[in-house]
Amino acid sequence: RRGWIEVVCGSMFSGKTEELIRRLNRAKIARQRVEIFKPALDKRYHELDVVSHNANSIRSTPVALAQEILLLASGCDVVGIDEAQFFDESLVEVCSQLANRGTRVIVAGLDMDYTGKPFGPMPALMAVAEFVTKVHAVCVCCGELAAYSFRIAASEDKILLGETDSYEARCRPCFLEGMKEK
Ligand code: ADP
Ligand code: MG
């Protein structure tokens, strides 16, 4: 069996999870054994589901450490990993080992943090992956393609009470503009 690594990266709201779910559902249609993992710290929406912003969802297994995936994914044809930026560098070795033993690995995650810096294990994963897809959101300021996740303070908006911070997708000029105003 042939294994490889696919990376789906981009900003928040760019459709990474949507694209991951699309690929995994197609693998299921092909009767392949599919398993999805995410870092246990991502408590957004539902504990056990990987959920996209357009409310598509797929059952997943939260793991505290990337290493756990190696054991849990034995017997899988396809392994999906969402929010990969939250794992440490050991995820790169884990994905390589899975691919080496014949597993198709599809990793989705933020390529940049809210300051525009490469995020966690993502740059290294992009380097070793056979396929890298960068998806784009729509800039909420001007409607151009957005590659940045801009952090906005939610404190003034009482409706957002309870959320510590929120983000919006922005293109390069609108991201830079926002950073200047901070
Ligand atoms: P990601 O996993 O990259 O954060 P999702 O797959 O969860 O993205 O969500 C993508 C969906 O988010 C889009 O299909 C769209 O319905 C919605 N969305 C909300 N805001 C935006 C935006 N600024 N640009 C593009 N899509 C957006
Ligand atoms: Mg997502």
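Computed from a predicted model, the values in this text were never measured in an experiment.

What surrounds ligand 1 is a group of 15 residues, the closest being Lys16, Thr17, Glu18, Ser52 and His53. At the level of elements, helix H1 (16–29) and strand E9 (137–138) are the ones that each hand at least two residues to the shell around ligand 1. Ranked by the residues each element gives to the shell around ligand 1, the list is headed by H1, at 3 residues. Residue composition of the shell around ligand 1, grouped by class: 6 nonpolar, 7 polar and 2 charged.

Helical geometry note: an α-helix holds 3.6 residues per turn, so side chains three or four residues apart project in the same direction. Its 14 residues place the ends of H1 20 Å apart at the C-alpha level, agreeing with the 20 Å of an ideal helix rising 1.5 Å per residue. Those residues of H1 not exposed but buried are Lys16, Thr17, Leu20, Ile21 and Leu24. Taken around the axis of H1, the buried residues stretch over an arc of 125°, which confines them to a single face. Across from the buried face of H1, at angles greater than 90 degrees, the exposed residues are Arg26 and Ile29. Looking at the buried positions of H1, the neighbouring elements they touch are strand E1 (4–10), strand E2 (34–39), strand E3 (49–51), strand E4 (57–59), strand E6 (78–81) and strand E7 (104–110). Positive backbone phi, approximately 60°, marks Arg31, located one or two places after H1.

Caution is warranted with low-pLDDT regions, since their predicted coordinates should not be read in detail. Per-residue pLDDT for the chain has a mean of 90; in total, 88% of the residues score no lower than 70. Counted against residues more than four places away or in other chains, residues 155–164, with its pLDDT under 50, gives 3 contacts. The complex prediction reports pTM at 0.92, with the ipTM value standing at 0.99.

Right, let's get into the sheet that holds E6. The strand order E5-E2-E6-E7-E1-E8 describes an open sheet built from 6 strands, whose pairing is parallel. The open sheet is flanked by strand E5 (61–63) and strand E8 (131–134), the only strands paired with a single partner. Direction aside, neighbouring strands of the sheet carry axes that sit 20° apart on average. Note that E1 and E7 share 7 bridges and pair parallel. Across the sheet, residue Cys9 finds its bridge partner in E7, namely Gly109. Packing against the sheet, H1 makes contact with E1, E2, E6 and E7, and its axis sits at approximately 165° to E7. This element, helix H3 (residues 90–100), spans E1, E6 and E7 of the sheet and lies at about 155° to E7.

Now for the domain arrangement of the chain. By convention, interface size is frequently given as the accessible area that disappears when the constituent parts associate. Annotation of the chain at the domain level lists domain 1 (4–135) and domain 2 (145–180). In this complex, domain 1 contributes 9 residues to the contact, which on the side of domain 2 involves 9 residues. A class-by-class count of the residues in the side of domain 1 that touches domain 2 yields 5 nonpolar, 4 polar and no charged.

Looking now at the UniProt feature "binding site: Zn(2+)" (unreviewed entry) in the chain. Within this numbering scheme, the UniProt entry marks Cys139, Cys142, Cys171 and Cys174 as carrying the feature "binding site: Zn(2+)" (unreviewed entry). Taken along the chain, the residues just named run across 36 residues; in space they keep tight, none of their C-alpha pairs more than 8.1 Å apart. Along the chain, Cys142 falls in the loop between E9 and strand E10 (145–146). Residue classification places Cys142 among the exposed residues on the basis of 12 C-beta atoms within 10 Å. For Cys142, the contacting residues outside a window of four places in its chain are Cys171 and Cys174. Structurally, the position occupied by Cys174 is in helix H5 (residues 172–180). Take Cys174: there are 20 C-beta atoms within 10 Å of it, and that puts it in the buried class. Setting aside its immediate chain neighbours within four residues, Cys174 contacts Cys139, Cys141 and Cys142.

So, how was this worked out
Counting of residues starts from 1 at the beginning of each chain's written sequence and follows it residue by residue. For naming, the first written chain is A and the first written ligand is 1, with later ones following in the order written. Since the coordinates come from a predicted model, pLDDT governs what is reported: local features require at least 70, and pairs of side-chain atoms require 80 or more to be given and counted, while whole-chain, interface and lining totals use all residues. The criterion for a residue being near a molecule or strand is simple: its C-beta atom, placed using the backbone, must lie within 6 Å of it. The secondary structure listing takes helices from DSSP runs of H or I that are at least 4 residues long and strands from runs of E that are at least 2 residues long, numbered from the N terminus. Residues are grouped as follows: Ala, Val, Leu, Ile, Met, Phe, Trp, Tyr, Cys and Pro are nonpolar; Asp, Glu, Lys and Arg are charged; all remaining types, including Gly, are polar. Here the expected length of a helix is defined as 1.5 Å per residue gap, with one fewer gap than residues. Buried means a residue has 20 or more other C-beta atoms within 10 Å of its own C-beta, exposed means 12 or fewer, and partly exposed covers the counts in between; C-beta atoms are placed from the backbone. Think of the arc as the fan of directions from the helix axis to the C-beta atoms. Contact criterion: two residues are in contact if their C-beta atoms, reconstructed from the backbone, are within 7 Å. Per-residue confidence from the prediction method is given by pLDDT, with values spanning 0 to 100. One requirement defines pairing of two strands: DSSP has to find at least two bridges between them. Between N-to-C directions, angles cover 0 to 180 degrees, with each direction set by a line fitted to C-alpha atoms, over the stretch in contact for helices. For every domain, the bounds stem from an assignment made automatically or drawn from a database. UniProt positions are given in the numbering used here, feature names are shortened, and annotations may be inferred rather than shown by experiment.

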